[in-house]
Amino acid sequence: MENIVEFRAARKRWRGFELKGVSFDVPRGYIMGLIGPNGAGKTTLMKMVMNLVRRDGGEVRAFGLDCARDEVRVKARIGYVPDEPACHEDMRLATIASAIAPFYERWDMNRFRGLAGEFGLPLGKRWKTLSQGMKTKFSLALALCHDAELILLDEPTSGLDPVFRRELLERLSAIIQDERRSVLFSTHITADLERIADYITFVRAGEVVFSAPKDEVLERWAIARGGEELLDPGLTPLFRAVRRGPHGVEALTADAAEARRRLNSHAVVERATLDDIMVLMEKGDPS
Amino acid sequence: MILRLMRKDLMLNWHMVTIVVAGLVLMLLFVNFATAGEGDTSLPVFLLVFVGTCYPALLTTLFAGIDDRHRTGSFALALPVRRRQVLLSRYLLALLLHPAWLLVIAVSCWAWRWPRFPSTLFSPESLALSFAALVCGVGPWYPLVLRAGFMGMLYGLVGLQVVGVTITALGRSWSPFERVLDLVRRLGPGLRALHARLGDPWYLAGVFFVLSALYALSFLVAAAIYRRKEA
């Protein structure tokens, strides 16, 4: 399977934050969801692909090209929607689109106007008058109208209403139908990813916890709910995180089959949702 | 790519260009009105050239200031361009706009003193002075705005005046500063003596060379700062 993006031991250090040698791949023709708590490094990873932040080490490649050395060729093939879209405050949307169109060889102004119409974007309005959701929609329209092979979406759904959110997810699913394009999509709303993602990468404290097909993740990860017996030292190697609550103990495992076999009579073992995995990894005690 | 970046900058900062041009025209009207009775003396022309080109030379620095204020820098860098192209386009745009500012000055002066055309505006000395104004308007400020942001530039503009006033005040009461002020005072006569010794062509060529080197140095400093800046 061809990879459209490859991270190899990518490192970045800032004051109070470190990306510790992250490695994973985004396969061509699929949607990859990037999940993780705030400050985990999701935005930094996206910005590394766009060469907006400089990596301290490792390799980040897109379309087989180095994202820093070949940044012009790489960025020409990417549609990027940042987490907080920013633009010239007093400019009208039509002016902004006209100003950036010449930078893309395959820019399609008719497609842009079509998307603007579909998204309900008033092209005569100034940027500063738009709501956060409208700004995201505009960035999305820009990202989708130059035939990008990779769509990078950094928390795009957070400011959107549920109707457009659903529409966006359907549109993203449609984008990858030609098996030529991929989507890398970071979000806190894990239900969105459960609906459309093919692969999930979970980043926590600058490290990749897992990067695997979504179905495999949902099949392998499980939550065991039971009493104090779950804290038995013989069982703890089975768990990735444990949390004591008012109703007993919750333990997260990455080996659901083994957990079901060993905990048959002690606990209830249920499939974990992406939300469960994130919450328990973040709030639970490491086992 | 550089031309596309310049076009983008002018399109998306059009209101800033309008403000600068309007401000320049108003200033020229005021200066012309104030000096109208004095005839076509050389002082107002040279003053006009320096102030009239130094002020609009800040335009591209203001673009960088807007990038800092509204986080539009990352918007530009998300386009298929390199950082050094973004920077180069700004420095080249300042150079390309320079004749336009001279033209605005010439047309306003011409309109005011019709039909006498202010030909001294385009003398080699005037052009050298206007180039010096461009270097003063871009040279220190563009790297500063990249390093310290829009507010840093404003503090710099005010701070420079505070430093100037302080040095002048200290110079009157403290001998080491007096020597510095003496050096500055001797700079003018020194340059005039050099001008007389070298003659027009060599002196002006030297001035353009030194100013070009300073402009290039400013670009290199800005590039070093911009390379490290994260979007």
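Quick caveat, the model's predicted, so the values are computed rather than measured.

Criteria and cut-off values
Residues numbered from 1 in each chain as written. Chains lettered and ligands numbered in written order. Predicted model: local features only at pLDDT ≥ 70, side-chain atom pairs only at ≥ 80, totals over all residues. Heavy atoms only, no water. Helix = DSSP H or I, 4+ residues; strand = E, 2+ residues; numbered from the N terminus. Buried < 20%, exposed > 50% of the residue type's maximum accessible area, 1.4 Å probe, protein only. Expected span 1.5 Å × (residues − 1). Arc of directions from axis to C-beta. Contact = heavy atoms within 4.5 Å. Polar contact = N/O pair within 3.5 Å; in protein donor to acceptor, adjacent residues only side chain to side chain. Pairing = 2+ DSSP bridges. Right-handed = clockwise from strand over helix to strand, strands pointing away.

(A) Representation of unusual backbone geometry within the structure. All names here are of chain A. In this structure, A9 is a non-glycine residue whose phi angle is positive, near 50 degrees. With respect to the secondary-structure elements, A9 resides in strand β1 (residues 3–14). Taking the relative accessible area as the measure of exposure, A9 reaches 37% and is therefore partly exposed. Here A205, not a glycine, exhibits a phi torsion of approximately 50 degrees, which is positive. Tracing the chain through its elements places A205 in the loop between β9 (199–204) and β10 (207–213). In this structure A205 comes out as partly exposed when scored by relative accessible area, which is 44%.

(B) Structural view of helix α6 (residues 162–175) of chain A. All names here are of chain A. In this model α6 runs 20 Å from its N-terminal to its C-terminal C-alpha over 14 residues, within 8% of the 20 Å that 1.5 Å per residue would give. Taken residue by residue, α6 has F164, L168, L169, R171, L172 and I175 as its buried positions. Around the axis of α6, the buried residues are gathered within 165 degrees of arc, so they sit on the same side. Across α6 from its buried face, at more than 90 degrees, point the exposed residues P162, V163 and E170. Buried positions along α6 lie against β3 (31–35), α4 (109–119), α5 (132–144), β7 (150–154), β8 (182–186) and α7 (190–196). Measuring from the side-chain oxygen of the N-cap residue of α6 to the backbone nitrogen of V163 gives 3.1 Å; that N-cap residue is D161.

(C) View of the pairing of β8 of chain A. Residue and element names in this part refer to chain A. Across the 5 residues of β8, 5 count as buried, placing the element largely inside the fold. A two-sided burial pattern is seen for β8, the buried positions comprising S182, L184 and S186 on one face and V183 and F185 on the other. Here β3 pairs with β8 via 4 bridges, running parallel. Residue pairing in the sheet places M32 in a bridge with L184 of β8. Across 5 bridges, the pairing between β7 and β8 is parallel. Within β8, the position partnered with L152 by the bridge is L184. Between the parallel elements β7 and β8, the chain passes through α6 in a crossover that is right-handed.

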